Amino acid sequence: MMKYTQRKIKNNFMKFLLFFLTLFAVIPLAIIFFHVIRSGFGALNYSFLTSLPAPIGQPGGGIANALIGSFTMIALASLISIPVGIFGGTFLSEYPQGKLSSSFSFVVDLMTSIPSIVIGLYIYAMIVVPMKGFSAYAGALALALLMFPIVVKSTEEILKLLPQNIREAGLALGIPRWRVILSIVLKGSIPSLTTGVLLSIARISGETAPLLLTAFGNQYWADGLNQPTASLTVQIYNYAISPYQEWHQQAWAGAFILLMTVFIFNLIARGILVKSQKDS
Amino acid sequence: MNTNKILTIDQLSAGFGQAEIVKKISMAISTHEIAALIGPSGCGKSTFLRCLNRLHEENSEAWVNGEVNLEGKNIYQEGIDPVHVRSQIGMVFQKPNPFPSMSIFENVAAGLTIRGIKKRAYVSQVVEKSLRQAALWDEVKDKLKSPGTSLSGGQQQRLCIARALAINPPVILMDEPTSALDPISTSKIEELLLQLKKEVTIVIVTHNMQQAARISDQTSFFLMGELIETNNTKQFFTNPDDIRSENYISGRFG
């Protein structure tokens, strides 16, 4: 038998090892975070948020059109993907038997692993070329295709966590199955579903490649949803690849805004989850 | 004699796919009595219970043969909607399972409101009555809006009983309702059941033989999917007809 002190030393050593490895994993994140804040925060001011990009050579300029463009396209994408994705995930969780369910599950898994540039290319060929132009519609559709499988999978996982006997309790009250799913299973999972949705929005907020091929970008305000539309990510890209020092600053500032948005979405998502766990 | 039998089960068999878990069981259950089903794990008593409100068939590959007559009407007759059957036969499960994200009030009201009965005054009245019947009213009357899941285990189980009572079924099925509870909560529920049987008929599956002896009027002993014996509880525990029953209650197996 091992002595008490020996066990204690061993235990502390393993604890330290785990702590150290965790720290190791967190370090890159912290470095990126602080670097973006340091480089971006300085270039940030009110006019950066409210004005259009400035022409080359002129000082100032901002990302107002890119913010609105990103917001519009993400909102449109959410409008499509959230309801469809939640219903799809509900189907997978509540009716897992049968061919339809397993093939749908397979398709969704495949969709999750399609590289986003391929989705961009696909929308380019299917929407942009026939419509003879880049547009916010095309951008939103590309984002929706990326978002949909994420929402389906998170919904499925969340609903599967609900014990089976909750569903049975509903059925045993003489409530039809579809009502049990709607009024008990889905309604009871709203907090966690919201978390899943917020995380999927955060996930697509950072997409650049598919937008480059579909919404393209715009130095000015778009005249409508059928026009090339600026987005935060593409704007950051354009600023970053330019040869001008001042534009590099703008890229960092844009990156800062993007990082903060994603960060805040994650925090809210986590907050909702923690609160709902406390309640139950 | 036959007129006060609220449930008569005739040649009921059930199972999943190839497996036959319940084998040709016939028995009758009297109105306003507590009928206990006992037997070792895997003897088919839970499956049998779940056939009585047609919940068994919700599992994949589940099948049922035979008749279950509720007040003289076969619930397995063609054209009978299982959803309707379940609104007449309540059920309480082994683990307390209040609906998530619903308040105490909403939990008890769920059977009414989800099925479209929304008249406020009526619903409140039913909720209060059901909670009183379940001996929970005094403990929760000041916090009806708190989540159902915030209650203790024993309270949650009484909440589930109130939820089942709210739709006013003549029969309530209970699948080991106290096996996840501490002794004090258990004895509260046992007292409650003795009160409740004045109004509803209770069929209870239990692993606890003392519980069956304490509260039931009739005891049925299941073994390997077969019904070995149904008898008056007192008779069953003092002088059972079948040697296997005697072996089981004296702890020689199971």
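Located above this text is the structure these notes cover.
Residues numbered from 1 in each chain as written. Chains lettered and ligands numbered in written order. Predicted model: local features only at pLDDT ≥ 70, side-chain atom pairs only at ≥ 80, totals over all residues. Heavy atoms only, no water.

1. As for the overall build of chain B
We apply this condition: Helical segments are the DSSP runs of H or I of at least four residues, strand segments are the runs of E of at least two, and each set is numbered from the N terminus. The globule rule is 2.2 Å times the number of residues to the power 0.38, and the radius of gyration it is compared with is taken over C-alpha atoms. In this description, contact between two residues means that some pair of their heavy atoms is separated by no more than 4.5 Å. Asp and Glu are treated as the negative residues and Lys and Arg as the positive ones, with His and the ends of the chain left uncounted. By convention, the charge on Lys lies at NZ, on Arg at CZ, on Asp at CG and on Glu at CD.
Along the backbone of chain B there are 10 helices and 10 strands. Its C-alpha atoms give chain B a radius of gyration of 18 Å, near enough to 18 Å, the size a compact globule of 254 residues would have. Counting only C-alpha atoms and orienting by the principal axes, one finds that chain B spans roughly 55 × 45 × 35 Å. Across chain B, the fraction of contacts at a sequence separation of at least 24, relative to all contacts at a separation of at least 6, is 67%. Taking the average place of the 27 positive charges on the side chains of chain B and the average place of its 27 negative ones, the gap between the two points comes to 7 Å.

2. Notes on the environment of Ser185(B)
All names here are of chain B. Selection rule: By the criterion applied in these results, polar contacts are pairs of N or O atoms within 3.5 Å in which, for protein atoms, one can donate a hydrogen and the other can accept it, and in which residues neighboring in sequence qualify only through two side-chain atoms.
Within the fold, Ser 185 resides in helix α7 (residues 183–196). Note: C-alpha distance between Ser 185 and Gly 154 (31 residues apart in sequence) is 5.0 Å. Reaching out from Ser 185, the side chain makes a polar contact with the side chain of Asp 182 at a distance of 2.7 Å.

3. Side note on the interface of chain B and chain A
To be explicit about the condition: Computed with a 1.4 Å rolling probe, the buried area is the accessible surface lost when two parts are put together, summed over both parts. What counts as a salt bridge is simple: a side-chain nitrogen of Lys or Arg found within 4 Å of a carboxyl oxygen of Asp or Glu.
Each partner contributes residues to the interface: chain B has 28 residues there, and chain A has 22 residues. For the pairing of chain B and chain A, the buried interface totals around 2000 Å² over both sides, and the portion due to carbon and sulfur atoms is 65%. It is Phe99(B), Pro100(B) and Ile114(B) in chain B that bury the most area against chain A; as a group they hold 26% of the surface buried on that side. On inspection of chain B and its partner chain A, the count reaches 2 salt bridges.

4. Things to note about the pattern of salt bridges
Between side chains of opposite charge, a pair can form as their charged atoms come close. Our working definition: Exposure classes here rest on a 1.4 Å probe applied to the protein chains alone. A residue is buried below 20% of its type maximum, exposed above 50%, and partly exposed in between.
Within this structure, the stated rule accounts for 15 salt bridges over all chains. Here Asp242(B) and Arg244(B) are joined by a salt bridge, their closest N and O atoms 3.1 Å apart. Take Arg244(B): its relative accessible area is 38%, and that puts it in the partly exposed class. Connected through shared salt-bridge partners, Asp109(A), Lys153(A), Glu156(A) and Lys160(A) make up one network.

5. Considerations on unusual backbone geometry
Residues and elements named next belong to chain B. Phi at Glu 61 is positive, roughly 70°, even though this residue is not glycine. Relative to the helices and strands, Glu 61 is located in the loop between α1 (45–51) and β4 (62–70). Phi is positive for Glu 176, which is not a glycine, with a value near 45°. With respect to the secondary-structure elements, Glu 176 resides in the loop between β7 (171–175) and α7. Classification of Glu 176 as buried rests on a relative accessible area of 9%.

6. Section: the side chain of Gln211(B)
Residue and element names in this part refer to chain B. Counting through the fold element by element, Gln 211 comes out in helix α8 (residues 209–215). Here the side chain of Gln 211 touches Thr 178 through a polar contact of 2.9 Å, side chain to side chain. One polar contact links Gln 211 to Thr 206, side chain to side chain, over a distance of 2.7 Å. Not counting residues within four places of it along the chain, the set of residues in contact with Gln 211 comprises Thr 178, Thr 186, Glu 190, Ile 204, Thr 206 and Ser 216.

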